[in-house]
Amino acid sequence: MTENIGERKNRHIDVAMRPSAQMAISTGLEHVRFEPNSLPELSLAEIDTSTVFLRKSLSMPLIISSMSGGTQRALTLNQALARAAEQHGIALALGSMRIALEDKTARASFQLRDLAPNIPILANLGGAQLTQGAGVDNALRCMEIAEADAMIIHLNPLQEAIQCTGDTDWRHVTKALADLVRRSSQPIIVKEVGHGIGLQTAQRLIDCGITYIDIAAAGGTSWAGIEAQVDAAAFQIGEPFHDWGIPLVASLNQLSGLTQATLIASGGIRSGLDVAKVIRLGARLAGAAQPFLLAYEAGEAILHQHIECWRAQLRIAMFATGSATLADLKCAPLIANTAC
Ligand SMILES: Cc1cc2nc3c(=O)[nH]c(=O)nc-3n(C[C@H](O)[C@H](O)[C@H](O)COP(=O)(O)O)c2cc1C
């Protein structure tokens, strides 16, 4: 079983880097345009991109979204991501820790606290796993293993349904989530994997006590697309779902009125300017997965450059809109008749 999960995870990494794993539909961010402020009355040097997330300081509102863990290849990847996240002061989300529950030898790739003592580390488990066996206990265990600041539960019913051996029993997941919220002393974050969280789902999550929602919307990596390419048998069934879901901007516009939830925007974020745009649209933080995987594969130094480049882009977007802080950016004027 464990060997199969490990092999599948490695295939996911390979396929995720192909252009064909990206959605054909866009996030909608290209239609969100800031009104230029040509008299910012600020010095670029004084722009403050910092924020606090889960009681820890970040240099900018960014999470490296959940990717992998449990294999030798994932160990090297996660260690590099942890070093980069710590050095640049951004948060790190781990990939699904199911493999670590089944095989103790797979745990090292999720135990990164020594490499990243100061940043938020987020553990991760699938929603369907919450109802299997000691599901809620397992989720709490994952947080201990990773010495995490919060737990991410990913909701990916579409992906599981396309996967040949996926977990397709999603009954009672809502109740298990509510149990987890009650029993956990750490925050629970719920995310999708790139198809978006709809308004009705978000409302039900809030009713369960969930206060952080990472919409992981459509416009970036397609998990239906990855599963369809990982498995020849899944291709025919999965291919029509390649672009399934709610584009990022549509999803943010739907959910930004939900004051009970802190929103994290991800799915197709591809620059620091995109980070600025989602903050303006109501997200507290942005997240991205595939860009950091590609950068890491190009070399660890490139990964570091990539993160710094995004921070520079965010600062420039703030400067050019006259926003000294992220609070100012949230009020920066947009050009009328764009997506907002
Ligand atoms: C190689 C890879 C592995 C992933 N594994 C997980 C996972 O284990 N758990 C999870 O919640 N999301 C996982 N994701 C989904 C990402 O966290 C993210 O939601 C999705 O890729 C959309 O973001 P992107 O367009 O920036 O890639 C994975 C993504 C990639 C690229």
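Residues numbered from 1 in each chain as written. Predicted model: local features only at pLDDT ≥ 70, side-chain atom pairs only at ≥ 80, totals over all residues. Heavy atoms only, no water.

A.B. asks: Break down the pairing of strand 6 (residues 150–154) for me, citing the residues and quoting the values.
C.D. replies: In terms of burial, strand 6 is a largely internal element, five of the five residues being buried. Neither face of strand 6 is left uncovered, since the one carrying Ala150, Ile152 and His154 and the one carrying Met151 and Ile153 both have all their residues buried. Across five bridges, the pairing between strand 5 (residues 121–126) and strand 6 is parallel. Residue pairing across strands places Gly126 opposite His154, the latter belonging to strand 6. Crossover connection from strand 5 via helix 4 (residues 135–146) to parallel strand 6: handedness right-handed. Inspection of the sheet shows strand 6 paired to strand 7 (residues 188–191) by four bridges, in the parallel sense. Bridge assignment links Ile153 to a residue of strand 7, and that residue is Val190. (Buried < 20%, exposed > 50% of the residue type's maximum accessible area, 1.4 Å probe, protein only. Helix = DSSP H or I, 4+ residues; strand = E, 2+ residues; numbered from the N terminus. Pairing = 2+ DSSP bridges. Right-handed = clockwise from strand over helix to strand, strands pointing away.)

A.B. asks: Would you mind going over the sheet that holds strand 6 in detail, with residue names and values included?
C.D. replies: Sheet strands line up and pair through hydrogen bonds in the backbone, either parallel or antiparallel. An order of 3-4-5-6-7-8-9-10 is seen for the eight strands of this closed barrel, with the pairing classed as parallel. Mean inter-strand twist for the sheet, computed between neighbouring axes without regard to direction, equals 25 degrees. Strand direction decides the pairing type here: strand 7 and strand 8 (residues 212–214), joined by three bridges, are parallel. Each residue of the ladder has a partner; that of Lys191, found in strand 8, is Asp214. (Axes fitted to C-alpha atoms, helices over the stretch in contact; angles between N-to-C directions.)

A.B. asks: Please provide a residue-by-residue account of the site of the ligand, values included.
C.D. replies: The full set close to the ligand counts 23 residues, and Ser66, Met67, Ser96, Thr221 and Arg270 are the nearest of them. A distance of 2.5 Å separates an oxygen atom of the ligand from a polar atom in the side chain of Thr221. For the ligand, the protein covers 96% of the area, taking 600 Å² as the surface of the free molecule. According to the grid-proximity analysis, the pocket containing the ligand is the largest pocket. When residues in the shell around the ligand are grouped by element, the largest group, three residues, is from helix 12 (residues 290–297). Each residue belonging to the shell around the ligand can be placed in one class, and the counts come to nine nonpolar, eleven polar and three charged. (Near = heavy atom within 4 Å. Polar contact = N/O pair within 3.5 Å; in protein donor to acceptor, adjacent residues only side chain to side chain. Areas by Shrake-Rupley, 256 points an atom, 1.4 Å probe, with all protein chains shown as cover. 1 Å grid on protein atoms, 1.4 Å probe; cavity = no way out; pocket = protein on both sides within 12 Å on 5 of 7 lines; lining within 4 Å. Sits in = over half its atoms within 2 Å of the grid points. Nonpolar A, V, L, I, M, F, W, Y, C, P; charged D, E, K, R; others polar.)

A.B. asks: Provide a residue-level description of the packing of helix 11 (residues 272–280) against helix 13 (residues 300–319), including the pertinent values.
C.D. replies: Helix 13 packs onto helix 11 with a crossing angle of 50 degrees between their chain directions and a minimal axis gap of 7 Å. Classified by the interaxial angle, the pair formed by helix 11 and helix 13 is oblique. Crossing of helix 11 against helix 13: the hand is right-handed. Between helix 11, through Gly272, Leu273, Val275 and Ala276, and helix 13, the contact on the second element is made entirely by Trp310, Gln313, Leu314 and Ala317. Looking at the contact of helix 11 with helix 13, its residues break down into six nonpolar, two polar and no charged. (Parallel < 35°, antiparallel > 145°, perpendicular 65-115°, else oblique. Left-handed = near helix turned anticlockwise from the far one by under 90°. Contact = heavy atoms within 4.5 Å.)

A.B. asks: I'd like to hear about helix 8 (residues 223–230), residue by residue, with values.
C.D. replies: Residues that lie three or four places apart on an α-helix share one face, since the helix turns once every 3.6 residues. Of all eight residues making up helix 8, seven are buried, and the element is well covered by its neighbours. Along helix 8, the residues classified as buried are Trp223, Ala224, Gly225, Ile226, Glu227, Ala228 and Val230. A distance of 2.8 Å separates the backbone nitrogen of Gly225 from a side-chain oxygen at the start of helix 8, and that oxygen is part of Ser222.

A.B. asks: Quick one: what's the story with empty space enclosed by the protein, residue by residue and with numbers?
C.D. replies: Within the structure shown, the criterion is met by one cavity of 30 Å³ or more. A volume near 30 Å³ is recorded for the largest cavity. Lining the largest cavity, in full, are Ile63, Ser65, Ser66, Ala93, Leu122, Ile152, Ile189, Lys191, Asp214 and Ile264. Per-class residue counts for the lining of the largest cavity are six nonpolar, two polar and two charged. (Points joined across faces, edges and corners; volume = space filled by probe spheres on them.)

A.B. asks: I'd like to hear about the layout of surface pockets, residue by residue, with values.
C.D. replies: Of the volumes computed, that of the largest pocket is approximately 960 Å³. Along its surface, the largest pocket is lined by 45 residues, and His12, Met67, Ser96, Gln159 and Trp223 are the ones closest to its centre. Elements supplying a minimum of two residues to the lining of the largest pocket: helix 1 (2–16), helix 3 (98–102), helix 5 (157–162), helix 8, strand 10 (285–288) and helix 12. Here the element with the most residues in the lining of the largest pocket is helix 1; it accounts for nine residues. When grouped by side-chain class, the residues that make up the lining of the largest pocket number 13 nonpolar, 22 polar and ten charged. Lining the second largest pocket are 16 residues; nearest its centre among them are Leu155, Trp170, Thr174, Thr201 and Arg204. For the lining of the second largest pocket, the elements supplying multiple residues, two or more each, are helix 6 (173–183) and helix 7 (199–207). By residue class, the composition of the lining of the second largest pocket is eight nonpolar, six polar and two charged.

A.B. asks: Explain the environment of Ala24 residue by residue, including any values.
C.D. replies: Inspection of the secondary structure puts Ala24 in the loop between helix 1 and strand 1 (51–53). Residue classification places Ala24 among the exposed positions, given a relative accessible area of 70%. In the structure, Ala24 is positioned 194 residues away from Ala218 in sequence and 9.6 Å away in space, judged by C-alpha atoms. Setting aside anything within four residues of it in sequence, one finds Ala24 in contact with His242 and Asp243.

A.B. asks: How would you summarise the nonpolar core if you had to cite specific residues and measurements?
C.D. replies: Among the nonpolar cores identified, the biggest contains 96 residues, and Ile153 and Ile213 are the most heavily contacted of them. With seven residues, the single largest contributor to this core is helix 4. Excluding anything up to four places from it in sequence, Ile213 contacts Val190, Ile197, Ala202, Leu205, Ile206, Ala261, Thr262, Leu263 and Ile264. Grouped together as the second largest cluster of nonpolar side chains are 13 residues, Leu54, Ala91, Leu122 and Ala150 included. (Core = buried A, V, L, I, M, F, W, Y, C linked by side-chain atoms within 4.5 Å.)

Remember that the coordinates give geometry; whether it matters functionally is a separate question.
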